[in-house]
Amino acid sequence: MTSKTSNTAVNPVLRAAPAPSAEAAAYFRASLAFHTDVSDVAAALAADGDPGFVVVDSRSTESWDQGHLPGAIHLPTALIPEQAEQLLDKSVPVVTYCWGPGCNGATRAALALAELGYQVKEMLGGFEYWAREGFEYETWHGPARRDADPLTAPEDAADCGC
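What you are looking at is a predicted structure, and each value in this text was computed from that prediction instead of being measured.

(A) Local environment of the overall build of the chain. A count of helical and extended segments in the chain gives six helices and seven strands. Put simply, the chain runs from its N terminus to its C terminus through helices and strands in the order α-β-α-β-α-β-α-β-α-β-α-β-β. Seen through its principal axes, the chain has C-alpha atoms that stretch 60 × 40 × 30 Å. Within the chain, contacts between residues separated by at least 24 positions form 61% of all contacts whose residues are at least 6 apart in sequence. As displayed, the chain has an accessible area near 10400 Å², and 55% of this comes from carbon and sulfur atoms. Charge-centre separation for the chain: the mean point of 10 positive side chains lies 10 Å from the mean point of 22 negative side chains.

(B) Looking closely at the sheet that holds strand 2 (residues 54-57). Pairing is parallel across the open sheet formed by five strands, whose spatial order is 1-5-4-2-3. Each edge of the open sheet carries a strand with a single partner, namely strand 1 (35-37) and strand 3 (73-74). Judged from the two bridges that link them, strand 2 and strand 3 form a sheet pairing that is parallel. Among the inter-strand pairings, Val-56 is bridged to a residue of strand 3, identified as Ile-73. In the packing of helix 2 (residues 38-46) onto the sheet, the strands contacted are strand 1, strand 2, strand 4 (94-97) and strand 5 (120-124), and the crossing angle to strand 1 comes to about 75°.

(C) Spotlight on the packing of aromatic side chains. Tallied over the full model, the rule gives four aromatic pairs. Between Tyr-27 and Phe-28, the aromatic rings sit 5.0 Å apart at their centres with planes inclined by 80°, giving edge-to-face as the arrangement. Exposure remark for Tyr-27: the relative accessible area of 54% places this residue in the exposed category. For the pair Trp-130 and Phe-135, a centre-to-centre distance of 4.9 Å together with 45° between the ring planes defines the contact as tilted. With a relative accessible area of 4%, Trp-130 lands in the buried category. A relative accessible area of 22% places Phe-135 in the partly exposed class. Members of the aromatic cluster, each reached through a chain of ring pairs, are Trp-99, Phe-127 and Tyr-137. Cation over ring: Arg-59 sits above Trp-99, and NZ or CZ is 4.5 Å from the ring centre. In this arrangement the basic side chain of Lys-90 is found over the ring face of Tyr-118, its NZ or CZ atom lying 5.5 Å from the centre.

(D) Representation of the environment of Ala-109. Within the secondary structure, Ala-109 sits in helix 5 (residues 105-115). The class of Ala-109 is buried, set by a relative accessible area of 0%. Between the C-alpha atom of Ala-109 and that of Ala-78, which follows or precedes it by 31 residues, the distance is 8.3 Å. Excluding residues that lie within four positions of it along the chain, Ala-109 makes contacts with Ser-58, Thr-77, Ile-80 and Thr-96.

Thresholds, definitions, all that
Sequence order as written defines residue numbering, which begins from 1 separately in each chain. Selection of residues for local features in this predicted model requires a pLDDT of at least 70, selection of side-chain atom pairs for listing and counting requires 80 or more, and totals for whole chains, interfaces and linings are taken over all residues. Hydrogens and water molecules were not included; the side-chain quantities draw on all heavy atoms of the structure. Runs of E in the DSSP output that reach at least two residues are strands. Runs of H or I that reach at least four are helices, and both are numbered from the N terminus. Contact between two residues is taken to exist if any of their heavy atoms lie within 4.5 Å; hydrogens are not considered. Only the protein chains shown count as cover for residues, and all accessible areas are computed by the Shrake-Rupley method using a 1.4 Å probe. Residues counted as positive are Lys and Arg, residues counted as negative are Asp and Glu, and His and the chain ends are not counted. Each charge is placed at NZ for Lys, CZ for Arg, CG for Asp and CD for Glu. At least two bridges found by DSSP between two strands are what make those strands a pair. With axes taken as lines fitted to C-alpha atoms, and helix axes fitted only over the stretch in contact, angles between N-to-C directions fall between 0 and 180 degrees. Classification of ring pairs uses Phe, Tyr and Trp, with its six-membered ring standing for Trp, and accepts pairs whose centres are within 6.5 Å; under 30 degrees between planes counts as stacked, over 60 as edge-to-face, and the remaining range as tilted. With a 1.4 Å probe rolled over the protein chains alone, any residue whose accessible area is under 20% of its type maximum counts as buried; one over 50% counts as exposed, and the rest are partly exposed. A positively charged side chain is recorded as over a ring if its NZ (Lys) or CZ (Arg) lies within 6 Å of the ring centre. The angle to the ring normal must also be within 35 degrees.

Below, the structure is given as structure tokens:
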């Protein structure tokens with residue numbers, strides 16, 4: 001336990017004080033309404049029956065060809081205004097993804113879809129973490145899979161325990 005008299009002015013973590021617990025709970029509850037992760041998407045897609053959502057890959061055609069989630073719909077962000085209504089049903093929630101955590105393309109796609117009236121979540125980690133966690137993906141050559149990266153997925157475990 002740390003002392004309450006520590007100098008928070010020099011502590012980069014506590015330079016801005018943590019939010020009160022009720023505000024933090026509201027923020028994190030809201031975050032779960034806007035985000036999901038690759039493990040949860042993979043589990044839902046692997047379960048029997050309709051997962052209750054569609055997955056949208058918002059990247060370029062070249063990126064799509066390199067690899068995309070099985071069953072995903074290819075809808076680059078720039079094409080959402082003109083093509084979303086032809087490809088998506090507004091009564092079905094949408095999960096967007098892009099390259100990875102260093103890219104905000106899925107966020108921009110989610111915003112564009114939300115502005116058109118779709119229920120939408122962003123898949124945190126994007127295609128990068130889908131591949132790094134060892135989930136199968138499709139390429140223009142056919143199905144592919146990488147060994148799970150032990151830094152992103154626990155070895156010999158069904159899930160990370162979180």
